[in-house]
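# Understanding the architecture of this molecule
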Amino acid sequence: MIIAWEERMDHSKEIAAAKEHFGKILTEQLERIDRLKSEGDFVDYARKEHIVIGVVGGDGIGPFITREAQKVLEYLLADDIKSGRIEIKAIDGLTIENRAACMQAIPDDVLVELKKCDVILKGPTTTPREGDQWPNIESANVAMRKALDLFANVRPVSIPDQGIDWTFYRENTEGGYAVGSQGVHIDDDLAIDFVVATQQGSERIIRAAFDYAQKSGKKKVTVVTKANVIKTTDGKFLDTAKAVAKDYPDVEWDDWYIDIMTAKLVDEKRRQQFKVVVLPNLYGDIITDEAAELQGGVGTAGSANIGKHYAMFEAIHGSAPRMVDEGRAQYADPSSIIKAAGMLLDHIGYHEASQKLTKAIEVCSEYEKKLVLTGRPDGATGDAYAQYVMDTLSRDDLNEIYAFYAK
Ligand code: IPM
Ligand code: MG
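Residues numbered from 1 in each chain as written. Chains lettered and ligands numbered in written order. Predicted model: local features only at pLDDT ≥ 70, side-chain atom pairs only at ≥ 80, totals over all residues. Heavy atoms only, no water.

### Re the packing of helix α14 (residues 351-368) against helix α15 (residues 382-393)
In the contact formed by α14 and α15, the axes pass within 9 Å of each other and the chain directions differ by 120°. Considered as vectors, α14 and α15 are oriented oblique to each other. The two elements α14 and α15 meet at a crossing, and its hand is right-handed. Of the residues in α15, those in contact with Lys356, Leu357, Ala360, Ile361, Val363, Cys364, Ser365 and Glu368 of α14 are Tyr385, Tyr388, Val389, Thr392 and Leu393. Looking at the contact of α14 with α15 residue by residue, the classes come out as nine nonpolar, two polar and two charged. (Axes fitted to C-alpha atoms, helices over the stretch in contact; angles between N-to-C directions. Helix = DSSP H or I, 4+ residues; strand = E, 2+ residues; numbered from the N terminus. Parallel < 35°, antiparallel > 145°, perpendicular 65-115°, else oblique. Left-handed = near helix turned anticlockwise from the far one by under 90°. Contact = heavy atoms within 4.5 Å. Nonpolar A, V, L, I, M, F, W, Y, C, P; charged D, E, K, R; others polar.)

### Thoughts on the pairing of strand β11 (residues 302-306)
For a regular strand, the rule is simple: side chains alternate between the two faces of the sheet. The element β11 is extensively covered by neighbouring structure, given that five of its five residues are classed as buried. Of the two faces of β11, the one carrying Gly302, Ala304 and Ile306 and the one carrying Ser303 and Asn305 are both buried. Inspection of the sheet shows strand β4 (residues 152-159) paired to β11 by three bridges, in the antiparallel sense. Bridge pairing links Asn153 to Asn305 in β11. As judged from the five bridges shared by β11 and strand β12 (residues 311-315), these two strands associate in the antiparallel manner. (Buried < 20%, exposed > 50% of the residue type's maximum accessible area, 1.4 Å probe, protein only. Pairing = 2+ DSSP bridges.)

### Description of a nonpolar patch on the surface
Taken together, the side chains of Phe22, Leu26 and Leu30 make up a nonpolar region of the molecular surface, amounting to roughly 280 Å² of accessible area. As for its position among the elements, Leu26 is in helix α2 (residues 12-37). (Patch = residues over 30% accessible without salt bridge, like charges linked within 9 Å, V, L, I, M, F, W, Y side chains within 5 Å. Areas by Shrake-Rupley, 256 points an atom, 1.4 Å probe, with all protein chains shown as cover. Salt bridge = Lys/Arg side-chain N within 4 Å of Asp/Glu carboxyl O.)

### Some thoughts on the sheet that holds β4
Pairing is mixed across the open sheet formed by ten strands, whose spatial order is β2-β1-β3-β12-β11-β4-β5-β10-β8-β9. Every interior strand has two partners, whereas the edge strands, β2 (86-90) and β9 (252-257), have only one. Strand after strand, the sheet turns through a mean of 20° between neighbouring axes, direction not considered.

### Brief notes about the packing of aromatic side chains
For the structure on display, the rule yields eight aromatic pairs. With centroids separated by 5.5 Å and ring planes inclined at 80°, the aromatic side chains of Trp256 and Phe274 adopt a geometry described as edge-to-face. In this pair, Trp256 sits in strand β9 while Phe274 sits in the loop between α10 (258-264) and β10 (276-279), placing the two residues 18 residues apart along the sequence. The same class applies to Trp256 and to Phe274, which are both buried. Their ring planes at 10° and their centres at 5.2 Å tell us that Tyr367 and Tyr405 sit as a pair that is stacked. Placement of Tyr367 in helix α14 and of Tyr405 in helix α16 (residues 398-406) is noted, with a sequence separation of 38 residues between them. Here Tyr405 falls in the partly exposed class, since its relative accessible area comes to 31%. What links up through ring pairs into an aromatic cluster is the set Tyr367, Phe404 and Tyr405. The ring of Tyr177 carries the charged tip of Arg170 above its face, separated from the ring centre by 5.2 Å. The residue whose ring lies beneath Lys308 is Phe42, and the NZ or CZ to ring-centre distance is 5.6 Å. (Phe/Tyr/Trp six-rings, centres within 6.5 Å; stacked < 30°, edge-to-face > 60°. Lys NZ or Arg CZ within 6 Å of the ring centre and 35° of its normal.)

### What about the UniProt feature "domain: Isopropylmalate dehydrogenase-like" (unreviewed entry) in the protein chain?
The positions UniProt marks with the feature "domain: Isopropylmalate dehydrogenase-like" (unreviewed entry) are residues 52-389. Helix makes up 41% of residues 52-389 and strand 18%, and the two end C-alpha atoms of the span are 24 Å apart. (UniProt positions renumbered as here; feature names shortened; annotations may be inferred.)

### Some thoughts on the nonpolar core
Ranked by internal contacts, the top residues of the largest apolar core, which has 68 residues, are Leu121, Val278, Phe313, Ile348 and Leu357. Ranked by the residues each element gives to this core, the list is headed by helix α13 (residues 335-347), at seven residues. In this structure, this core is formed jointly by two domains, domain 1 (43-150 + 307-406) and domain 2 (162-295), each of which donates at least three residues. Aside from chain neighbours lying at most four places away, what touches Phe313 is Val119, Ile120, Leu121, Lys122, Ser303, Ala304, Ala340, Met343, Leu344 and His347. Residues Val56, Ile91, Ala105 and Cys117 belong to the second largest nonpolar core, which totals 18 residues. (Core = buried A, V, L, I, M, F, W, Y, C linked by side-chain atoms within 4.5 Å. Domains from an automatic or database assignment.)

### Let's talk about the site of ligand 1
The environment of ligand 1 is formed by Thr127, Ser139, Asn141, Val142, Arg145, Arg155, Arg170, Tyr177 and Asp285. Between ligand 1 and Tyr177 there is a distance of 3.0 Å, counted from an oxygen atom to a side-chain nitrogen or oxygen. Between ligand 1 and Asp285 there is a distance of 2.8 Å, counted from an oxygen atom to a side-chain nitrogen or oxygen. Here ligand 1, which alone exposes 320 Å², has 78% of that area covered by the protein. By residue number, the principal contributor to the shell around ligand 1 is helix α7 (residues 140-147), which donates three residues. Here the shell around ligand 1 is built from residues that sort into two nonpolar, three polar and four charged. Looking at the shell around ligand 1, you find at least three residues from each of domain 1 (43-150 + 307-406) and domain 2 (162-295). (Near = heavy atom within 4 Å. Polar contact = N/O pair within 3.5 Å; in protein donor to acceptor, adjacent residues only side chain to side chain.)

Structure below.
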């Protein structure tokens, strides 16, 4: 059959459907902005009598490494767990099997439980993608960050002997991720995704980065975008940064495009000058993997997802299902999630315990290295590593040992 040219070109039905879909996205985002406008301030944990830490094992090696981090938390918080100020609670059901069965990124009953916690320690969760064995539901990470409004993804990377001390502030709820699973296949030929930047969303992450730069004494913020090409959303991010910077006259700032920034992170002459880096979601995702790799691998970095009412702490790596399939899960490196547990302690006001943990991890993983993790039976188990960290924490001379190595 010969189709008339006019008929072949008629996409009015698809266009109408796409417009309707776009309209729904706009309504959702405008409603979201209303909520952002009325959000309160950050919770002050120091004033709370009771703090609930939810522990989510996740998928693959998640339950194995999370168990080790939980032991370290229980060790450091023993007194306050006994007194009842701290409660550690296991949250089940955030597994790919259950998520696929419910066809939800976070099953409703799990979300109810998560919302009863103040802070969450979370193992990696499998992110389905088109064509694999799971239904292509949204990533549990992305969904949790949105559901609990965890807008600041804070990822520190430090390589002391190279003078590197970076803290990345990745925007965590907008950009290409906000409606990343709501793009449209207009027809077989045309696929469209959406990128979201709001004034409120850009401002709060940029302010968080400048606040941190000021309070930590680092006093230098680098804003990363691709505003020369992605003019509207990245342009808004950069313009917002220009305006916010005026409120921090004693914090120096500069801006870089993501492509050259990616190169400069491996420029040994330049990279020490970066301190606090703030950037939209996707660039932050990519560059924090690069930075973690420079530090010793993605398994070595912790990650905090901070909102005004909740916060979630996780490893930056994935669930490594292959390690489980090959029977090696007990050899998985728990240091990333133990670092995340350290960030959790700091966030809820246990600064001293957190600093002690940072020192102990550095002594164990960087200096003394009495145990080495290889991910295989020729290396230590995660359980032995956690024990090594706790033994190191219990040493009276931890400060001296640390000072000896870190000089
Ligand atoms: C991360 C991860 C996630 C992300 C994935 C699992 C959705 O890569 O935390 O960086 O892209 O944010
Ligand atoms: Mg990532």
